[in-house]
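# Descriptive analysis of the structure
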Amino acid sequence: MNLNKKVLVVGSSGFIGSNLVKEALYQGYNVHAGVRKSSNLQLLPRDGIQLVEFDLSSPVQIKSVLQDFAVQNEHFDFIIYNAGITYARKTNDFIDVNFQNTKNFTTALKESGMQFRKFLFVSSLSAFGPGDASFTPIEVSHPKNPISTYGKSKLMAEKHIASLNNFPHLIINPTAVYGPGDKDFLKFISLVTSGFEFHLGRSKQMLSMIYVKDLVRVMIQLLESRFVNRSYLVSDLAEYDRERLVEVIKSILNKKTIKIRFPAPVIKAGVHFADSIYNLFGSKPFLNAEKLAEMTTPNWLCNAAETWKHANSQPAYSLEKGMKETIDWYKENSWL
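Residues numbered from 1 in each chain as written. Predicted model: local features only at pLDDT ≥ 70, side-chain atom pairs only at ≥ 80, totals over all residues. Heavy atoms only, no water.

## Topic: helix H3 (residues 91–112)
Count 3.6 residues to each turn of an α-helix, and residues three or four apart come out pointing the same way. Applied cut-off: For helices the rule is a DSSP run of H or I covering at least 4 residues; for strands it is a run of E covering at least 2, with both sets numbered from the N terminus onward. By this rule the span expected of a helix is its residue count minus one, scaled by 1.5 Å. Bend at a given residue is defined as the angle between two axes, one fitted to the seven residues that end at that position and one fitted to the seven that begin there. For every residue, the accessible area (1.4 Å probe, protein chains only) is compared with the maximum for its type, and the residue is labelled buried under 20%, exposed over 50%, or partly exposed between those bounds. Contacts: residue pairs with any heavy atoms within 4.5 Å of one another.
The end-to-end C-alpha separation of H3 is 31 Å, in line with the 32 Å expected for 22 residues at 1.5 Å each. Along its length, H3 shows its largest kink, about 30°, at glutamine 100. Listed in full, the buried residues belonging to H3 are Phe94, Asn98, Phe99, Asn101, Thr102, Asn104, Phe105, Thr106, Ala108, Leu109 and Ser112. The inward-facing, buried residues of H3 abut strand S1 (6–10), helix H2 (59–71), strand S4 (78–81), strand S5 (118–122) and helix H4 (149–163). Glycine 113 lies just past H3 and shows a positive phi near 80°.

Here it is in structure tokens:
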């Protein structure tokens, strides 16, 4: 048990963050949940945690909060920084939230004098960009070439963290994450539930996946490991064809679907047209050119073998088991 160890989870109210809080509680940590004033706390446990309010756009406010802890002779053994956005109406919002806010927090953290053993930054496989056409899995040693502003903003934050002196850290790059509380896969599953199966183009696409409970467990294990100042790719070690993912969901739902394929050139033309219209108003549609490129690139495989070796663990969930638990949660909570 880790009752005497304190962990601060910044960005704790969302999908991954709330699961991090639950796993840390399960592992016996004293958990502080960093939230915004406007955060929806629906996914967070009601008991056993202490809420800490941060304005991540304000280094002064962050520093003040952390110094208040220091005055009380308190410190955090571990800090997990999970705050950020995956969708933005304005491209610059990715830079402001995913990079600048991260910089604000780390700057305030250093200036506050707060002591900690390890800082874990939750990034994304998007910071690497896709693998090559040979379907060779992405390795942690590969050069990073993100193809979206989201991925670039995460990479900027990674580089900033790695540049800091006397700042023990880990950078986590998860592949596609699914599980209870996730709204992105909910949209996909809802389409299957309605009897439709949409595919963009005919090209083969290979994916790595990770169930959120495996992700948060391995992150906590890496915090306790002897490893520091390095990056980790995280997946469930399996490789999935996009078509198989749909078949698994259909099998769990016991649902037949009408398969509809959209020719890639038609979709690209429509998306670029929508982009041009939204740009007139200084915003971006949800399905924009960058999002489409990430959705249709053939190779999102990654090699996470070293991650699980360093954590002295193995994934507990197959795609079938994790997706079944996810769909059951959606139904129990009236999301589906």
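## Quick notes on the environment of isoleucine 327
Looking at the secondary structure, you find isoleucine 327 in helix H11 (residues 319–332). The sequence separation of isoleucine 327 and leucine 186 amounts to 141 residues, and the corresponding C-alpha distance is 8.5 Å. Contacts of isoleucine 327, omitting those with residues within four sequence positions, involve Ile189, Ile249, Ile252, Leu253 and Leu336.

## Examining the sheet that holds S1
Filter applied, for reference: Pairing between strands is defined by DSSP: at least two bridges between them are needed. To obtain an axis, a line is fitted to C-alpha atoms, over the contacting stretch when the element is a helix, and the angle between two such axes runs from 0 to 180 degrees between their N-to-C directions.
Read across the open sheet, the seven strands follow the order S3-S2-S1-S4-S5-S6-S11; overall the sheet is parallel. Taken across any chain shown, the strands that pair with only one partner, and hence form the sheet edges, are strand S3 (49–53) and strand S11 (230–234). Put simply, the sheet's adjacent strands are angled 20° from each other on average, direction ignored. Of the pairings in the sheet, the one linking S5 to strand S6 (residues 169–174) comprises four bridges and is parallel in character. What sits directly across from valine 122, in S6, is isoleucine 172.

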